[in-house]
Amino acid sequence: MTDPEPEVEKVFIGGLHERLVEDKIIEESQLDPNFSKEIRKYGGKDVMTCLQCGNCTGVCPISLKIDYKTRMIMKYCQFGLKKYTLDTRWVCATCYRCYEHCPADLNPAEVMIALRHIAIREGIIPPFIKTAATNLVRYGQSVKPDPEIDKIRIELGLKPIHTHDADYQTVIREIQVLVHASKYDKLIGIQDEVKV
Amino acid sequence: MTAPAPQEKHIETSDPTKGAGDGAGSKIGVFICHCGSNIAGVVDCGKVREAAEKLPGVVVVKENNYTCSDLGQAEIIKAIKENGVQRVVVASCSPRLHEPTFRKCVQQAGLNPYLLQMVNIREQCSWVHSHEKEKATEKAANLVQMGVSKAAKLKPLEAREVPVEPTSLVIGGGVAGIQAALDLANMGFKVYLVETQPSIGGKMAQLDKTFPTGDCAICILAPKMVELSRHPNITLLSYSDVEEVKGYVGSFEVKVRRKARFVHEDKCVGCGLCAEVCPVKVDNEFDLGFGQRKAVYIPFPQAVPLKYTIDKENCLHFKSGKCLLCVKKCSNQAIDHDMKDDILTLKVGTIIVATGYDTYEPTRKGVYKYWEYENVITGLELERMLNASGPTGGRLIRPSDGNPPKRVAFIQCVGSRNKKIGNNYCSRVCCMYAIKNAQIVMEHEPETEIAVYYNDIRAFGKGFEELYHRVREDYAVEFIRGRPAKLTLDPKTKSIKIRAEETLLSKITEREFDLVVLSTGLIPSEGSKRIGKILRLTQSPDGFFMEAHPKLRPVDTAMDGIYLAGCAQSPKDIPDSVAQAKAAASSAAGPMFARKVMIEPLTAVVNEDLCQGCGLCVDLCPYSAPELVPGVKGGMRAHVIEALCHGCGTCAASCPQKAISPMQFTDDQIYSEIQAALTETTRRHSPKKKAEAEVSP
């Protein structure tokens, strides 16, 4: 591989709180009144019905590890703080525990997915997503095959992954056709990798 | 200006063929209301008037700014008296709003009040078509045309009068039922109060103190309970269930099952000797399982009537046929193990439903671990514990070890404002009872630390906000805005750790408490569900009884003569329940004072010659108005009890023989409306448009 493996950048995990603290006053011009509608368009329905009880934050497994508040993201979405929300939504594991506990019966996990859709379309793409997508079209899986893993596979009596096999190449080609047809390659910026 | 209406004649010719001499050829007056700009702002009323003037039979057409005003009504009266108008069409708002107004007006002018036809050109026209003015005008003209065509077929009807028995039945002996019964009795009416429990008092009797004033609940309720039991006009039927209600406003026939309490009420003096010797101890339901009672018991010391009851399920005599210690002890021979249920039949004129509420029971597998951790209790359980006559004598303890808790947490909105469990509504009392209980706990044990986990604090009533302020100022009760996510138990100390996001801090907090109180919401009671079925009352989606109008008829139901009081209608606090009970009593007193009610003649009428007695209408009617009776020429025939019929038309629509027709909505009348709707008379734009279309290419 020519390019070095990009690290998961901190901004795409946390950082939300710090950035808001920097801005002492939020001008109205920074708010996007149509943000909730946009989220709804990508499947994050009823974002406006959130009661801000914080139950989702309490049950979120991610919130134990990093400064990540599901409730606060819902508030930002209601408020129209688009610019703060788009680069931080990739840590959600979509375990749906928030949905299970929400008394207002809304689904924060789906809002997170909608935010990812919007972020990608706005061109805010974290490097690790690009890497995963590149791996997908190159090797047919989002994790790069590793000689170390092959060693373990042989020890366990499994076949190593032969990415140069004809069968394997056919599958990868099929994936590339799909990725190209769905315009996913263009969206994520990996057109060069897809040879269709 | 407008194109001629060649089809006009069509209607005219169709009229006399079916009219059969009723309204055919009668003079019709049309009154078009502007309703300020509500209608005139959208509909061109002038055009509607012009169109109406051309309609057959129409002799007067008037436009008014407000037809419902004195001026507008005078116009109608004038037209009837001077122009000889025989049928009145008012094109204005919904008949639900002003039909009674105009009926009275028509009657005042000497015409039968049912010779009025309302045409709704506001709700069903101008309001919904505010962006399409031309089409709205066209529609209004069409609707008027339909109304006029129906008006020609209206028949005079007479409202019927039925007598009203000056006796009332109050179902439920909580504070609302007690108040309603007392008010009616004080007005001089006879009242039967039916309560399913051995004692009246309801949920209020279980409470410790009342918010926001801190009055002792039973101390203010007990005098009312005693007054009720001694009132000469009130017959108290405790430990009884309403089984069946037949009839209609003025003369309901009610079957009441007096459950056998195995103690003769007339002989028992409430001395309690029987309970002293009774060897069986069981959990007392009144104390929600915290305290115990005997198998022969009164639920609480202030019970009214102060008559003991034997619990058949636990009494040794019913299990083994032996014991009878209580019988030996009772000096009045009041105890009778062979007592049977008794059925009473009451005749009453009005019914007040005050069947109250139950508290929400947290789910077994819920996050709040009510069923798993001993030290998680509900608000009502805390009330019993704080109550001086309760199981702990007013001492607050941890159920796990009996020690007083040092740290207490309240969790709000358990079972209310939760879409997941289908209880979308706010229970209205939980905020305040938690705050009030926090205050009482602090008064008992000033060293206690109290935290209230809340979503929103709703301190909306008189003196509520002040109490909310007081518990923070005087007792430093902490309010944490956040819904707890997880409760974990410390197996050694049995303390409970609550994890929640303190949303105003935007931090997740984990704090330990000795006792957790769930502020459970209010749900419709089991009794409500049963009584609702018996009385065929409608319920709103949350399961509480539906009032006739949410604002203007809050205690009436869709059934005449049946009224609502207290939490059966919606969650409410004690002052609101009492206020509603007083309102229900005054509403029920109306027909009982008058000794008669007028029954709308808009009922279904059966044509006996056509009816074959299939009974479909009997099964389908939501008000059980039709019944099968032997016909004059033999066989069974349907007969509609007018006082029960609401004229909904279900029977008429379903009748395979077309033997039933609802007055004012007969097939003939409806067909004439449809026919008018289908004619082209008022579609003045169509020919013009056609002409344009021909020119344009």
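Residue numbers run consecutively from 1 along every chain, following the written order of its sequence. By the order in which they are written, chains take letters starting at A while ligands take numbers starting at 1. Confidence filtering applies because this is a predicted model: local features only for residues at pLDDT of at least 70, side-chain atom pairs given and counted only at 80 or more, and all residues used for totals across whole chains, interfaces and linings.

**Re the overall build of chain B**
1) Next: Per the secondary structure count, chain B includes 20 helices and 32 strands.
2) Next: Summarising its shape, the C-alpha atoms of chain B cover approximately 95 × 70 × 40 Å along the three principal directions. Starting at the N terminus, helices and strands are each numbered in turn, a helix being any DSSP run of H or I of at least four residues and a strand any DSSP run of E of at least two.

**Focus: helix α6 (residues 133-151) of chain B**
1) Next: In this analysis, the expected span of each helix is defined as 1.5 Å times one less than the number of residues it contains. If you check α6(B), its first and last C-alpha atoms are 26 Å apart, about what 19 residues at 1.5 Å a residue would give, namely 27 Å.
2) Next: With C-beta atoms placed from the backbone, a residue is labelled by how many other C-beta atoms lie within 10 Å of its own: buried for 20 or more, exposed for 12 or fewer, partly exposed between the two. Taking burial as the measure, the 19 residues of α6(B) include 16 buried ones, the bulk of the element.

**Re the sheet that holds strand β18 (residues 376-378) of chain B**
Residue and element names in this part refer to chain B.
1) Next: When DSSP finds at least two bridges between two strands, those strands are taken to pair. Spatially, β18-β25-β19-β20-β21 is the arrangement adopted by the 5 strands of the open sheet, whose pairing is parallel. Looking along the sheet, the strands with just one partner apiece sit at the ends: β18 and β21 (478-481). Recorded for the sheet is a direction-independent mean angle of 25 degrees between the axes of neighbouring strands.
2) Next: Bridging between strand β20 (residues 449-454) and β21 involves 4 bridges; their strand directions are parallel. If you follow Ala451 over to β21, its bridge partner there is Glu478.
3) Next: By the convention adopted here, residues make contact when the C-beta atoms placed from their backbones lie within 7 Å. What counts as an axis is a line fitted to C-alpha atoms, over the stretch in contact for a helix, and the angles between N-to-C directions run from 0 to 180 degrees. Strand contacts of helix α13 (residues 430-444): β19 (407-414), β20 and β25 (515-520), with the helix running at about 170 degrees to β19, the strand carrying the most contacts.

**Things to note about the interface of chain B and chain A**
1) Next: In this complex, chain B contributes 17 residues to the contact, which on the side of chain A involves 16 residues.
2) Next: If one sorts the elements of the side of chain B that touches chain A by residue count, strand β23 (residues 496-502) of chain B sits on top with 3 residues.
3) Next: Amino acid classes used here: Ala, Val, Leu, Ile, Met, Phe, Trp, Tyr, Cys and Pro are nonpolar; Asp, Glu, Lys and Arg are charged; the rest, including Gly, are polar. The residue inventory of the side of chain B that touches chain A, partitioned by class, reads 5 nonpolar, 5 polar and 7 charged.

**Examining unusual backbone geometry**
Residue and element names in this part refer to chain B.
1) Next: A cis amide bond, omega -5 degrees, links Phe211 with the succeeding residue Pro212.
2) Next: Its place among the elements puts Pro212 in the loop between β7 (190-194) and α8 (217-230).
3) Next: That bond from Val304 to Pro305 is cis: its omega, 0 degrees, falls within 30 degrees of zero.
4) Next: Tracing the chain through its elements places Pro305 in the loop between β13 (296-297) and β14 (309-310).
5) Next: Despite not being glycine, Lys494 has its phi angle at roughly 60 degrees, a positive value.
6) Next: Among the residues examined, Lys494 registers 17 C-beta atoms within 10 Å and is labelled partly exposed.

**Thoughts on the domain arrangement of chain B**
1) Next: Where each domain starts and ends comes from a domain assignment, either automatic or drawn from a database. Under the domain assignment used here, chain B contains domain 1 (8-157 + 669-695), domain 2 (167-353 + 563-571 + 581-594), domain 3 (358-523) and domain 4 (600-662).
2) Next: Placing the centre of domain 1 of chain B and that of domain 3 of chain B at their C-alpha centroids yields a distance of 61 Å.

**Describing the nonpolar core**
1) Next: By convention the nonpolar core is taken to be a set of buried residues drawn from Ala, Val, Leu, Ile, Met, Phe, Trp, Tyr and Cys and joined through C-beta atoms within 7 Å. Judged by nonpolar contacts, the single largest core of 169 residues is most densely connected at B:Ala180 and B:Ala181.
2) Next: Those residues in contact with B:Ala181 that lie beyond four places of it in its chain are B:Val170, B:Val191, B:Leu193, B:Leu228 and B:Ile234.

**Here's the deal with the confidence of the model for chain B**
Residues and elements named next belong to chain B.
1) Next: Mean pLDDT over chain B: 90, with 94% of residues reaching 70 or higher.
2) Next: Overall, residues 1-22 carries pLDDT values under 50, and its contacts beyond four positions in sequence, including any with other chains, amount to 29 contacts.
3) Next: Segment residues 682-697 is flagged for pLDDT under 50; beyond a separation of four residues in sequence, or across chains, it makes 12 contacts in the model.
4) Next: For this predicted complex, the interface score ipTM comes out at 0.81, alongside a pTM of 0.83. Here pLDDT means the predictor's own confidence in every residue, given as a number from 0 to 100.

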